[in-house]
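# Examining the three-dimensional arrangement
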Amino acid sequence: MDVLSSRILLRPSDLGRSHRFYRDVLGLAVYREFGPPDDPGVVFFLGPGFLEVSGHVSGPAAGPPGRSVMIWIQVRDVRAEHARLAAAGVPVIREPATEPWGLIEMWIEDPDGTRIVLVEVPADHPLRRDLRPASPPS
């Protein structure tokens, strides 16, 4: 498989409410809008990836909103995001905690119950260092 691009697709129960959550509450930047002007689909930047929030929960791909997809978002400061999002009334499923694998994680939910993990990678974590041995100069 030669992957050229990818994105996470969400089909929320209330399109406008989900657009406001991802754009205004989480603060994701809009990559593009498409479809009818009165009910557009929106693609948000999600780091080097994309999150498309469009359509409605119906048809053969429909399942219960929010339970079949989870979103992983790396942030600079999980505790600062916790304070900001809790103040905005976002449901915090799990407070920030350092996991056994060394990442600081907290869990929230969007308006349809889609679980979102916010992750902070500490400065001393292996994800921040290149663990490969240095190759000898040629």
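For the structure, see preceding data.
Here we summarise the structure given alongside this text. Given the structure is predicted, the values throughout are model-derived calculations rather than measurements.

What follows concerns the overall build of the protein chain. Regarding its fold elements, the protein chain presents 2 helices and 8 strands. The linear arrangement of helices and strands in the protein chain, starting from the amino end, is β-α-β-β-β-β-α-β-β-β. Relative to its full complement of 138 residues, the protein chain shows a buried share of 36%. Residue pairs in contact within the protein chain that sit at least 24 positions apart in sequence constitute 49% of those at least 6 positions apart. Carbon and sulfur atoms provide 56% of the accessible area of the protein chain, an area that totals close to 8,700 Å².

Our next topic: the packing of aromatic side chains. Inspection of the entire model under this criterion finds 5 aromatic pairs. Each ring, one from Tyr31 and one from Phe45, has its centre 5.2 Å from the other, and the planes form 75 degrees; the classification is edge-to-face. One end of the pair, Tyr31, is in strand β2 (residues 30-34); the other, Phe45, is in strand β3 (residues 41-46), with 14 residues separating them in the sequence. Residue Tyr31 is classed as partly exposed on the basis of its relative accessible area of 41%.

In this structure, Tyr22, Leu26, Leu51, Ile71, Ile108, Ile116 and Leu118 are the most contacted members of the largest nonpolar core, which totals 22 residues. Going through the elements one at a time, α1 (15-25), β3, β4 (49-53), β5 (70-74), α2 (78-87), β7 (104-109) and β8 (115-120) are the ones with two or more residues in this core. Those residues in contact with Tyr22 that sit more than four places away from it in its chain are Leu10, Gly27, Leu28, Phe44, Leu51, Val53, Ile71, Asp110, Thr114 and Ile116.

Cut-offs used in this document
Residues numbered from 1 in each chain as written. Predicted model: local features only at pLDDT ≥ 70, side-chain atom pairs only at ≥ 80, totals over all residues. Heavy atoms only, no water. Helix = DSSP H or I, 4+ residues; strand = E, 2+ residues; numbered from the N terminus. Buried < 20%, exposed > 50% of the residue type's maximum accessible area, 1.4 Å probe, protein only. Contact = heavy atoms within 4.5 Å. Areas by Shrake-Rupley, 256 points an atom, 1.4 Å probe, with all protein chains shown as cover. Phe/Tyr/Trp six-rings, centres within 6.5 Å; stacked < 30°, edge-to-face > 60°. Core = buried A, V, L, I, M, F, W, Y, C linked by side-chain atoms within 4.5 Å.

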